[in-house]
Amino acid sequence: KDYLKTYKEMRALKLRELIGKHKPRLIIFFSLGYRKDWEFVMGAEAKEVTPQFFSGETNGTVFCIMPQSSMPGMSYDRLFDFAKKIKKRIHL
């Protein structure tokens with residue numbers, strides 16, 4: 001708790017700055033528990049694409065927020081379904 005209280009905001013700001021500088025085409029965030037933090041980094045609200053899989057786009061970068069692979073109920077089928085739905089938005 002102390003670590004998050006001390007460093008989380010600073011790390012999110014730095015990550016947002018690095019994304020703005022390097023302009024990656026795709027970023028994948030793993031952890032639904034930090035969704036609001038990921039949205040802060042994105043600078044936009046993420047929309048649910050499939051259950052528990054979110055996506056958004058800012059300045060040419062597509063962001064994906066998804067559960068960690070160890071989360072109960074995760075499967076390749078769920079991941080592939082999400083990937084099919086956002087594939088056309090990502091220009092790699």
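What counts as what
- Residues numbered from 1 in each chain as written.
- Predicted model: local features only at pLDDT ≥ 70, side-chain atom pairs only at ≥ 80, totals over all residues.
- Heavy atoms only, no water.
- Core = buried A, V, L, I, M, F, W, Y, C linked by side-chain atoms within 4.5 Å.
- Buried < 20%, exposed > 50% of the residue type's maximum accessible area, 1.4 Å probe, protein only.
- Helix = DSSP H or I, 4+ residues; strand = E, 2+ residues; numbered from the N terminus.
- Contact = heavy atoms within 4.5 Å.
- Pairing = 2+ DSSP bridges.
- Salt bridge = Lys/Arg side-chain N within 4 Å of Asp/Glu carboxyl O.
- Expected span 1.5 Å × (residues − 1).
- Bend = angle between axes of the 7 residues up to and from the residue.
- 1 Å grid on protein atoms, 1.4 Å probe; cavity = no way out; pocket = protein on both sides within 12 Å on 5 of 7 lines; lining within 4 Å.
- Points joined across faces, edges and corners; volume = space filled by probe spheres on them.
- Nonpolar A, V, L, I, M, F, W, Y, C, P; charged D, E, K, R; others polar.

Ranked by size, the top nonpolar core spans eleven residues in total: Ala12, Ile19, Ile27, Phe29, Trp38, Val41, Met42, Ala46, Phe54, Phe63 and Ile65. The greatest single-element share of this core, amounting to three residues, is contributed by helix H2 (residues 35-42). Contacts of Ala12, omitting those with residues within four sequence positions, involve Phe40 and Val41. If you look at the next biggest cluster of nonpolar residues, it comprises seven residues, including Met66, Phe82, Ile86 and Ile90.

Time to look at the pairing of strand E1 (residues 26-30). Here E1 shows one buried face, formed by Ile27 and Phe29, and one open face, formed by Leu26, Ile28 and Phe30. Bridge count between E1 and strand E4 (residues 61-66): five bridges; the pairing is parallel. Its bridge partner lying in E4, Ile28 is registered against Cys64.

Turning to the pattern of salt bridges, a few remarks are in order. Within the structure shown, the criterion is met by six salt bridges. Residue Lys8 pairs with Asp37 through a salt bridge whose shortest N-O separation is 3.3 Å. With a gap of 29 residues between them, Lys8 in helix H1 (residues 2-22) and Asp37 in helix H2 connect regions that are remote in the sequence. Looking at Lys8, the relative accessible area reads 32%, which means it is partly exposed. In this structure, Glu45 and Lys47 form a salt bridge, with 3.9 Å as the shortest nitrogen-oxygen distance. Via salt bridges that share partners, Arg35, Lys36 and Glu39 belong to a single interconnected network.

For H1, spanning 21 residues, the distance from its first C-alpha to its last is 30 Å, which sits close to the expected 30 Å at 1.5 Å a residue. At Lys8, H1 shows its largest kink, close to 40°. A positive phi of about 50° marks Lys23, the residue just after H1.

With that out of the way, let us pick up the layout of surface pockets. Here the largest pocket is characterised by a volume of approximately 240 Å³. Every residue lining the largest pocket is listed: Tyr3, Leu4, Tyr7, Lys8, Arg11, Ala12, Leu15, Tyr34, Asp37, Trp38 and Val41. Mapped onto the lining of the largest pocket, the elements with two or more residues apiece are H1 and H2. Of the residues forming the lining of the largest pocket, the biggest block, seven residues, is contributed by H1. Its residues assigned to classes, the lining of the largest pocket comprises eight nonpolar, no polar and three charged. Roughly 160 Å³ of internal volume is contained in the second largest pocket. Lining the second largest pocket we find Arg16, Ile19, Gly20, Lys23, Val41, Met42, Gly43, Thr58, Asn59, Thr61 and Phe63. When residues of the lining of the second largest pocket are traced back to their parent elements, those giving at least two are H1, H2 and E4. A class-by-class count of the residues in the lining of the second largest pocket yields four nonpolar, five polar and two charged.

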